[in-house]
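Reading the structure
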Amino acid sequence: MPRGRYSLHDLHDHTPLGEEHFQCAPGLSGWRYLSRTTTPSGDHLGSVDLTLDELGRPIRLELHAASWQVRGAALEGVTWVRTDPTGTHATEGNVRAHAFTGTSPAFLVATARLLRLTPDSPATRVRLVAFTDPVLAPRTVDQSWALVNSEAHATDNGPLTVDEYRVIALDTGEQHTVHIAGDVVLAAPGIELEDLESPPSPF
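Residues numbered from 1 in each chain as written. Predicted model: local features only at pLDDT ≥ 70, side-chain atom pairs only at ≥ 80, totals over all residues. Heavy atoms only, no water.

**What about the layout of surface pockets?**
Taken as a whole, the largest pocket spans an internal volume of roughly 1400 Å³. Looking at the largest pocket, it is lined by 48 residues, and the ones nearest its centre are Leu11, Gly102, Thr103, Ser104 and Pro189. Taken together, the residues of the lining of the largest pocket sort by class into 22 nonpolar, 18 polar and eight charged. Taken as a whole, the second largest pocket holds about 290 Å³ of empty space. Around the second largest pocket sit 16 residues that line it, and Pro159, Leu160, Thr161, Gly182 and Pro200 are the ones nearest its centre. Elements supplying a minimum of two residues to the lining of the second largest pocket: strand E12 (160-169) and strand E13 (175-181). (1 Å grid on protein atoms, 1.4 Å probe; cavity = no way out; pocket = protein on both sides within 12 Å on 5 of 7 lines; lining within 4 Å. Points joined across faces, edges and corners; volume = space filled by probe spheres on them. Nonpolar A, V, L, I, M, F, W, Y, C, P; charged D, E, K, R; others polar. Helix = DSSP H or I, 4+ residues; strand = E, 2+ residues; numbered from the N terminus.)

**Some thoughts on the nonpolar core**
Counting residues in each nonpolar core, the largest one holds 46 residues, and the members touching the most others are Leu50, Phe131, Trp145 and Tyr165. Looking at which element gives the most residues to this core, the answer is helix H1 (residues 106-115), with eight residues. Non-local contacts of Phe131, meaning those with residues more than four positions away in its chain, are made with Leu61, Leu63, Val70, Trp80, Phe100, Thr101, Gly102, Leu136, Ala137 and Pro138. (Core = buried A, V, L, I, M, F, W, Y, C linked by side-chain atoms within 4.5 Å. Buried < 20%, exposed > 50% of the residue type's maximum accessible area, 1.4 Å probe, protein only. Contact = heavy atoms within 4.5 Å.)

**Some remarks on the side chain of Ser201**
Within the fold, Ser201 resides in the segment after strand E15 (191-196). Judged by its relative accessible area of 11%, Ser201 falls in the buried class. Dropping the residues within four chain positions of it, Ser201 is found in contact with Pro2, Pro26, Gly182 and Asp183.

**Side note on the side chain of Asp49**
Within the element layout of this structure, Asp49 appears in strand E4 (residues 44-53). Residue classification places Asp49 among the buried residues on the basis of a relative accessible area of 12%. Here the side chain of Asp49 touches Arg60 through a polar contact of 2.7 Å, side chain to side chain. Every residue in contact with Asp49, bar those within four places of it in the chain, is listed here: Arg32, Tyr33, Leu34, Arg60, Leu61 and Glu62. (Polar contact = N/O pair within 3.5 Å; in protein donor to acceptor, adjacent residues only side chain to side chain.)

**Comments concerning the environment of Asp10**
Tracing the sequence through the fold places Asp10 in the loop between strand E1 (3-9) and strand E2 (16-26). The sequence separation of Asp10 and His179 amounts to 169 residues, and the corresponding C-alpha distance is 18 Å. Non-local contacts of Asp10, meaning those with residues more than four positions away in its chain, are made with Thr15 and Leu17. Among the polar contacts made by the side chain of Asp10, one reaches the main-chain amide nitrogen of His12 at a distance of 2.7 Å.

**Re the environment of Met1**
By the element assignment, Met1 lies in the segment before E1. The residues contacting Met1, other than those within four sequence positions of it, are Gln23, Cys24, Ala25 and Ser198.

**Let's talk about the packing of aromatic side chains**
Applying the stated criterion across every chain yields a total of six aromatic pairs. Between Trp31 and Tyr33 the ring centres are 5.8 Å apart and the planes differ by 45 degrees, which places this aromatic pair in the tilted class. With respect to class, Trp31 is no different from Tyr33; both count as buried. The interplanar angle of 80 degrees and the centroid separation of 5.7 Å between the aromatic rings of Trp80 and Phe131 together place this pair among those described as edge-to-face. Here Phe131 lies in strand E10 (residues 124-132) and Trp80 lies in strand E7 (residues 78-83), a separation of 51 residues in the sequence. Residues Trp80 and Phe131 agree in their burial class; the two are buried. Through a chain of ring-to-ring contacts, three or more aromatic side chains come together here, namely Tyr6, Phe22, Trp31 and Tyr33. (Phe/Tyr/Trp six-rings, centres within 6.5 Å; stacked < 30°, edge-to-face > 60°.)

**Brief notes about the pairing of E10**
In this sheet, E10 lies alongside strand E9 (residues 99-101) in parallel orientation, the contact comprising three bridges. Looking at the pairing, Thr101 lines up with Ala130 of E10. Read as a crossover between parallel neighbours, the route from E9 over H1 to E10 is right-handed. One ladder, built from nine bridges, connects E10 with strand E11 (residues 137-153); its direction is antiparallel. Paired with Arg125 across the two strands is Ser144, which belongs to E11. Between E10 and E11, which pair antiparallel and follow one another directly, the connecting turn spans four residues, one of which, Leu136, has a positive phi of 55 degrees. (Pairing = 2+ DSSP bridges. Right-handed = clockwise from strand over helix to strand, strands pointing away.)

Okay, here's the thing in structure tokens:
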């Protein structure tokens, strides 16, 4: 069960946004990721609880940020309920999308698990519902994912395969690179793996 810590940074000026302390593991249903995020000063910021089925589909998502809460799952596309800070109003949403995304590294692993790309796979288009900080506002995004390289590295615990993905935002054409080993993000825009207590779990 990998446990560790990511540092999160602003994509444009690299201002520190905080840290995400996480643990994740494969399970009977597929894969589960739990984390809590803190501000640069250490104050509580939010949390992520994501469970995928064996095909990589989100069967349970719970997000907390700035007193806002989202609960969602794959249902007729993806369906979610977003609750305001007072708890008096809740809004429901449903989009014909494949999965969810957001600032947490969990969503990069989840998308990679969903697509199951190989180096000879063509670039694959995926529609996601993104929940943007700090109020978890939903936004539908279209991305293109391609696995451009997969390389095994020798470690004390045996070979570790690192996958390099090219991700393109189809609305802007902006592209970036994501490096994932098993169920841990090694590096991505705005994300750095700072500490890892145990090796990643393979797909």
